[in-house]
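Chain by chain, the residues run as shown.
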2 protein chains.
Amino acid sequence: MGIGPGNLEHMTTKARKAIEEASIVVGYGTYIKLIQDIVRKDAEIISGTMGKEVERAKIAVKKANENHTVVMVSSGDPGVYGMAGIILEVADQEKTQVPIEIIPGITAASSASAILGAPLISDFAVISLSDLLTPLEKIEKRLELVSQTDMSIVLYNPQSQGRIEPLIKAYEIMIKYINPDTPIGIVRQVGREGQQSKITSLKNLLNEEIDMVTTIVIGNSSTKIINNKMVTKRGYSLTD
Amino acid sequence: MGIGPGNLEHMTTKARKAIEEASIVVGYGTYIKLIQDIVRKDAEIISGTMGKEVERAKIAVKKANENHTVVMVSSGDPGVYGMAGIILEVADQEKTQVPIEIIPGITAASSASAILGAPLISDFAVISLSDLLTPLEKIEKRLELVSQTDMSIVLYNPQSQGRIEPLIKAYEIMIKYINPDTPIGIVRQVGREGQQSKITSLKNLLNEEIDMVTTIVIGNSSTKIINNKMVTKRGYSLTD
């Protein structure tokens, strides 16, 4: 299940109910903290660190096989860079008969956009700059092609302490095709304590403070700044 | 605000509260029906038909200016082919000082994927095949480039009674670059009464029953069918 951006009010009723009813809650420690207020008092919490995703999926499936009601927590949507895929793969490998339900959540593309205005109102692409699971050459090829589509682009996981090259490469590719004055939005800690957001232009991207918990939205040629909001025009005539 | 796919349980707490507290609820008739159970008994409902979006946005802004608490209802996420953009544009045009908040909802890419499995677990593009507001040549160019990225693709508004050409064109473009045996998922009426879903291969796309309320998800080269679910592998090793 997906908790959405992190703030309980952006969680769906179904997601909330899944947590409230679970006898075992599994997830990355940071996410568990965000939802601990609604976890059952007698529930077992199995948290862990980033990078141990497969291990957590295996534990979750094992516990479900032992007749527990297990909830596996992802931030945002479990189907977008989340745990939905690994859970289904591990369940298949372990030949589990237990029913599995994927409960969607609000992904960062949606939650960041709502803060910025309406930058994704038309077609868009979602690309992660993390090269842990996808080779950098593949990410670069995707950016090269997508930058020529005039679609808005959302960048997930743009940068971390030890990983700054992909964002520089992404900038170099985008600036070849996209107008440097195109509005971009930068949102940190969407829906969590310390939320920050800023609207600037593509040409300034590399001067901004960007980390793992930042989502970047690049507008398209129809994106304007209206009343400090980033709005991609969809083609409606306002003078109808 | 966005109601998500249509089923009240997939709505966020914040979205639900906005509807419950509104003195005026504005939206397309079909969406109003989905939420009528939680609208205040004394609230005024202003519904209308498809194609009258600008008119509804103007009414919503006018009513907000008259000191009403107005909620404008979009299905899915208001920031993805929804009303968020027009509302911000109209509010600017009318020089409104009333505070406006965009409340995100679960978009069809997420809700359809949760039913299909985990087809979007890595990078993906969202493209609408409706050529009402975007010229067909622009849609075709986007598909031409995106089909070469090996990203998953989500098609919104794929076809309507009078509009079948864009889907045929989309198929002809995708099949040039994407393996015809790539899994695709077709979901109708996500989260609503009459929900249907099917997993098949790209080569069968044009043989399927598809309409305005269908969402189509095309996998990438890592997408497999696992236990009747569509799963895009992200590169984790399960034998860690």
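Residues numbered from 1 in each chain as written. Chains lettered and ligands numbered in written order. Predicted model: local features only at pLDDT ≥ 70, side-chain atom pairs only at ≥ 80, totals over all residues. Heavy atoms only, no water.

A. Quick peek at the pairing of strand 1 (residues 24–28) of chain B. All names here are of chain B. Most of strand 1 is tucked away, with five of its five residues classed as buried. Of the strand pairs in this sheet, strand 1 and strand 2 (residues 44–48) are connected by five bridges, and their pairing is parallel. Opposite Y28, over in strand 2, you have G48 as the bridge partner. Taken together, strand 1, helix 2 (residues 29–35) and strand 2 form a β-α-β motif whose crossover is right-handed. Note that strand 1 and strand 3 (residues 70–73) share four bridges and pair parallel. (Buried < 20%, exposed > 50% of the residue type's maximum accessible area, 1.4 Å probe, protein only. Helix = DSSP H or I, 4+ residues; strand = E, 2+ residues; numbered from the N terminus. Pairing = 2+ DSSP bridges. Right-handed = clockwise from strand over helix to strand, strands pointing away.)

B. Inspection of the interface of chain B and chain A at higher detail. On the side of chain A, 68 residues touch chain B, which itself brings 68 residues to the contact. Contact between chain B and chain A buries roughly 6,300 Å² in total, counting both sides, with carbon and sulfur atoms accounting for 59%. In this assembly, chain B and chain A are joined by eight salt bridges. Linking R142 of chain B and D123 of chain A is a salt bridge whose minimum nitrogen-to-oxygen distance equals 2.9 Å. The tally of links between chain B and chain A comes to 34 residue pairs in polar contact (both at pLDDT 80 or more). Contributing elements (two or more residues each) for the side of chain B that touches chain A: helix 1 (13–21), helix 3 (53–65), helix 4 (84–93), helix 5 (108–116), strand 4 (117–118), strand 5 (124–128), helix 6 (136–146) and strand 11 (229–232) of chain B. Take the side of chain B that touches chain A: its biggest share by element is eight residues, from helix 4 of chain B. Here the residues of the side of chain B that touches chain A sort into 29 nonpolar, 23 polar and 16 charged. (Contact = heavy atoms within 4.5 Å. Buried area = accessible area lost by both parts, 1.4 Å probe. Salt bridge = Lys/Arg side-chain N within 4 Å of Asp/Glu carboxyl O. Polar contact = N/O pair within 3.5 Å; in protein donor to acceptor, adjacent residues only side chain to side chain. Nonpolar A, V, L, I, M, F, W, Y, C, P; charged D, E, K, R; others polar.)

C. Seen up close, the sheet that holds strand 3 (residues 70–73) of chain A. All names here are of chain A. Pairing is parallel in the open sheet, where three strands are placed in the order 2-1-3. One side of each edge strand has no neighbouring strand; the edge strands of this open sheet are strand 2 (44–48) and strand 3. Ignoring strand direction, the axes of neighbouring strands in this sheet form an average angle of 15°. Packed onto the sheet, helix 3 (residues 53–65) meets strand 1 (24–28), strand 2 and strand 3 and runs at close to 165° relative to strand 3. (Axes fitted to C-alpha atoms, helices over the stretch in contact; angles between N-to-C directions.)

D. Representation of the relation of the copies chain B and chain A within the structure. The transformation that overlays chain B on chain A combines an axial shift of 0.0 Å with a rotation of 180°, and the residual RMSD is 0.0 Å. Here the copies are linked by what is in effect a two-fold axis. (Least-squares fit on C-alpha atoms with pLDDT ≥ 70 in both.)

E. Highlighting unusual backbone geometry. Residues and elements named next belong to chain B. The phi angle at D150 is positive, at roughly 60°, despite the residue not being glycine. In this fold, D150 is placed in the loop between helix 6 and strand 6 (152–156). Judged by its relative accessible area of 21%, D150 falls in the partly exposed class. Positioned with a positive phi, N227 is a non-glycine residue whose angle comes to about 50°. Residue placement: N227 occurs in the loop between strand 10 (223–226) and strand 11.

F. Structural detail: a nonpolar patch on the surface. Together, M50, M212 and V213 of chain A give the surface a local cluster of nonpolar side chains, amounting to about 240 Å² of exposed area. Mapped onto the fold, M212 of chain A is located in the loop between strand 8 (196–201) and strand 9 (214–218). (Patch = residues over 30% accessible without salt bridge, like charges linked within 9 Å, V, L, I, M, F, W, Y side chains within 5 Å. Areas by Shrake-Rupley, 256 points an atom, 1.4 Å probe, with all protein chains shown as cover.)

G. Quick peek at the packing of aromatic side chains. This structure, assessed with the given rule, holds four aromatic pairs over all chains. With centroids separated by 4.9 Å and ring planes inclined at 80°, the aromatic side chains of Y28 of chain A and Y31 of chain A adopt a geometry described as edge-to-face. With relative accessibility at 16%, the residue Y31 of chain A sits in the buried group. Ring geometry for Y81 of chain B against Y156 of chain B: centres 5.1 Å apart, planes inclined by 50°, an arrangement best described as tilted. A residue pair is termed long-range when its members are at least 10 positions apart, and Y81 of chain B in the loop between strand 3 and helix 4 and Y156 of chain B in strand 6 qualify at 75 residues. Of the two residues examined, Y81 of chain B and Y156 of chain B, each falls in the buried class. (Phe/Tyr/Trp six-rings, centres within 6.5 Å; stacked < 30°, edge-to-face > 60°.)

H. Main features of the nonpolar core. In this structure, L155, M174 and L205 of chain A together with M174 and L205 of chain B are the most contacted members of the largest nonpolar core, which totals 46 residues. If you look at the next biggest cluster of nonpolar residues, it comprises 30 residues, including V154 and Y156 of chain A together with Y81 and M230 of chain B. (Core = buried A, V, L, I, M, F, W, Y, C linked by side-chain atoms within 4.5 Å.)

I. View of the side chain of T232 of chain A. All names here are of chain A. Assignment of secondary structure puts T232 in strand 11 (residues 229–232). A distance of 2.6 Å separates a polar atom in the side chain of T232 from the backbone oxygen of P119. Setting aside chain neighbours within four positions, we find T232 in contact with A118, P119, L120, I121, S152, N220, S222 and T223.

J. The arrangement of helix 7 (residues 165–177) of chain B in detail. All names here are of chain B. Given a rise of 1.5 Å per residue, 13 residues ought to cover 18 Å, and the 19 Å separating the end C-alpha atoms of helix 7 matches this to within 8%. Residues P166, L167, A170, Y171, I173 and M174 constitute the buried set of helix 7. Its buried side turned inward, helix 7 meets helix 6, strand 6 and strand 9 (214–218). (Expected span 1.5 Å × (residues − 1).)

K. Region of the structure containing the pattern of salt bridges. As enumerated under the stated definition, the model contains 28 salt bridges over all chains in all. The salt bridge partner of K138 of chain B is D150 of chain A, with a shortest N-O separation of 2.8 Å. Taken together, the residues span two chains, with K138 of chain B in helix 6 and D150 of chain A in the loop between helix 6 (136–146) and strand 6 (152–156). Ionic pairing is found between K233 of chain A and E89 of chain B, a salt bridge with its closest N-O pair at 3.3 Å. In this pair, K233 of chain A is assigned in the segment after strand 11 and E89 of chain B in helix 4, connecting two distinct chains. The exposure class of E89 of chain B is buried, given its relative accessible area of 11%. When salt bridges with common partners are traced through the structure, they connect E9 of chain A together with K14 and E101 of chain B into a single cluster.

L. Quick peek at the packing of helix 3 of chain A against helix 4 (residues 84–93) of chain A. All names here are of chain A. Closest axis-to-axis distance for the helix 3/helix 4 pair is 9 Å, and the angle between their directions is 55°. Taken together, the axes of helix 3 and helix 4 are oblique relative to one another. For helix 3 against helix 4, the interelement crossing comes out right-handed. Residues E53, V54, A57, K58, A60 and V61 of helix 3 form the contact with helix 4, whose participating residues are I86, I87, V90, A91 and Q93. Classifying every residue of the contact of helix 3 with helix 4 gives eight nonpolar, one polar and two charged. (Parallel < 35°, antiparallel > 145°, perpendicular 65-115°, else oblique. Left-handed = near helix turned anticlockwise from the far one by under 90°.)

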